[in-house]
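Remarks on the overall topology
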Amino acid sequence: MRTSAFTAIRYDLNAVMRHDPAAKSKLEAALCYSGFHALVMYRFFHFLYVHRYFLLARFLSALTRFFTGIEIHPGAVIGKGVFIDHGAGVVIGETAVVGDNVVIYQGVTLGGTGKDKGKRHPTVENDVVVCSGAKVLGPFTVGRGAKIGSGSIVLGEVPPHATVVGVPGRIVRIAGKRIDELDQTLPDPVNDEITALTERVDGLERLLANIIKENGDFSLADTEQ
């Protein structure tokens with residue numbers, strides 16, 4: 001059952017009170033929290049976007065970014081009870097999907113990795129926490145209850161209740177239990193490059209051994225003579 005915009009806004013306001021101990025009252029949260037303001041405006045310009053008022057929706061989105069420092073594309077789908085803390089520098093892309101009761105801290109990007117058409121931004125399921133400066137890039141799913149550490153760059157699927165840290169992101173816990181780094185499912189481009197170089201060196205060594213076997217042992221001193 002689809003939640004109305006006004007119901008979602010009420011949940012968003014309650015989320016501020018639930019997650020931020022600095023909030024003294026709902027009135028303070030409604031008047032002073034830029035993350036809440038951005039979500040309120042999003043509920044309105046997303047409605048316009050769905051009804052194909054694309055230019056007006058994009059204009060209001062840009063205006064909201066100017067006043068709050070938070071950029072939410074009108075096409076993004078955001079659930080209820082979402083809390084954007086401080087919010088400066090938060091970017092949520094067009095095809096991103098954010099579930100209910102998600103917490104997003106400042107500097108977070110839910111973005112894409114190229115100019116492909118169609119789904120190109122992440123799906124963040126319910127109860128996920130994305131900490132400051134994290135970048136979640138690509139059309140994959142961050143499972144329910146997962147936690148993305150500060151400054152992490154996540155480029156692949158995250159299972160439910162996992163904790164991801166580092167660049168590139170590595171799963172260090174699932175449901176509170178530590179896991180062996182050998183069990184990582186997220187991509188590690190540095191490790192891939194080292195593996196490729198190792199395989200190339202092995203191949204060159206085998207080639208050199210065959211040349212020596214066919215032509216006999218030689219040294220640089222022999223070539224100089």
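Rules of the game
Residues numbered from 1 in each chain as written. Predicted model: local features only at pLDDT ≥ 70, side-chain atom pairs only at ≥ 80, totals over all residues. Heavy atoms only, no water. Axes fitted to C-alpha atoms, helices over the stretch in contact; angles between N-to-C directions. Helix = DSSP H or I, 4+ residues; strand = E, 2+ residues; numbered from the N terminus. Parallel < 35°, antiparallel > 145°, perpendicular 65-115°, else oblique. Contact = heavy atoms within 4.5 Å. Nonpolar A, V, L, I, M, F, W, Y, C, P; charged D, E, K, R; others polar. Core = buried A, V, L, I, M, F, W, Y, C linked by side-chain atoms within 4.5 Å. Buried < 20%, exposed > 50% of the residue type's maximum accessible area, 1.4 Å probe, protein only. Phe/Tyr/Trp six-rings, centres within 6.5 Å; stacked < 30°, edge-to-face > 60°. Lys NZ or Arg CZ within 6 Å of the ring centre and 35° of its normal. Polar contact = N/O pair within 3.5 Å; in protein donor to acceptor, adjacent residues only side chain to side chain. Salt bridge = Lys/Arg side-chain N within 4 Å of Asp/Glu carboxyl O. Pairing = 2+ DSSP bridges. Expected span 1.5 Å × (residues − 1). Arc of directions from axis to C-beta.

Before going further, it helps to examine the packing of helix α1 (residues 5-19) against helix α3 (residues 34-50). The relative placement of two packed helices comes down to the angle between their axes together with the axis-to-axis distance. In contact at an axis separation of 10 Å, α1 and α3 are set at 170 degrees when each is read in the N-to-C sense. Put simply, α1 runs roughly antiparallel to α3. Every residue of α3 that contacts α1 at Ala5, Ala8, Ile9, Asp12, Leu13 and Val16 is listed here: Phe36, Leu39, Val40 and Arg43. Here the residues of the contact of α1 with α3 sort into eight nonpolar, no polar and two charged.

Counting residues in hydrophobic clusters, the biggest one holds 36 residues, and the most contacted among them are Ile72, Ile92 and Leu110. Secondary-structure elements contributing two or more residues to this core are α3, α4 (54-68) and β14 (162-165). Ranked by the residues each element gives to this core, the list is headed by α3, at six residues. Not counting residues within four places of it along the chain, the set of residues in contact with Leu110 comprises Val91, Ile92, Gly93, Ala96, Val98, Ile104, His121, Pro122, Val124 and Val136.

The subject of this paragraph is the packing of α3 against α4. The N-to-C vectors of α3 and α4 enclose an angle of 175 degrees; their axes lie 8 Å apart at closest approach. Viewed along their axes, α3 and α4 adopt a mutual orientation that is roughly antiparallel. The residues of α4 that touch α3, namely those facing Ser34, His37, Ala38, Met41, Phe44, Phe45, Leu48 and Tyr49, are Phe54, Leu56, Ala57, Leu60, Ser61, Thr64 and Thr68. Partitioned by chemical class, the residues of the contact of α3 with α4 number ten nonpolar, five polar and no charged.

Right, let's get into the packing of aromatic side chains. Under the criterion given, the structure shown has three aromatic pairs. Between Phe66 and Phe67 the ring centres are 5.2 Å apart and the planes differ by 85 degrees, which places this aromatic pair in the edge-to-face class. Each of the two residues, Phe66 as well as Phe67, counts as exposed. For the cation-ring pair, Lys80 lies above Tyr11, with the distance from its terminal atom to the ring centre recorded as 5.3 Å.

With that out of the way, let us pick up the side chain of Ser61. Take Ser61: it is sitting in helix α4. Within polar-contact distance, the side chain of Ser61 engages the backbone oxygen of Ile72 at 2.8 Å. When neighbours within four sequence positions are excluded, Ser61 is seen to be in contact with Phe45, Ile72, His73 and Pro74.

Let's shift gears to the pattern of salt bridges. Considering all chains together, one arrives at five salt bridges under this definition. Here Arg65 makes a salt bridge to Glu71, at a shortest N to O gap of 3.3 Å. Since its relative accessible area comes to 40%, Arg65 is described here as partly exposed. Among the salt bridges present, the one from Arg120 reaches Glu94, with a minimum N-O distance of 2.6 Å. Taken together, the positions of Arg120 in the loop between β7 (109-111) and β8 (123-124) and Glu94 in the loop between β4 (91-92) and β5 (97-98) put the pair 26 residues apart, joining distant regions of the chain.

Turning our attention to the pairing of β14. Alternating residues of β14 divide into Ala162 and Val164, all buried, and Thr163 and Val165, none buried. Pairing geometry for strand β12 (residues 147-148) and β14, over two bridges, is parallel. When the bridges of β14 are listed, Ile148 appears paired with Val164. Adjacent in sequence and paired antiparallel, β14 and strand β15 (residues 170-174) are bridged by four residues, among which Gly166 carries a positive phi angle near 95 degrees.

Once that is clear, we can look at the sheet that holds β7. Strand order across the open sheet formed by five strands is β1-β4-β7-β10-β13, with parallel pairing between neighbours. Every other strand in the sheet has two partners, leaving β1 (71-72) and β13 (153-154) as the edge strands with one partner each. Relative to β4, β1 runs parallel, the two being bridged by two bridges. Across the sheet, Glu71 pairs through a bridge with Val91, a residue of β4.

Taking 1.5 Å of rise per residue, 15 residues should cover 21 Å, and α1 covers 21 Å from first to last C-alpha, within 8% of that figure. Among the residues of α1, Ala8, Ile9, Asp12, Leu13, Ala15 and Val16 are the ones counted as buried. Axial view of α1: buried residues confined to an arc of 150 degrees, hence all on one face. Buried residues belonging to α1 abut α2 (26-32), α3 and β3 (83-84).

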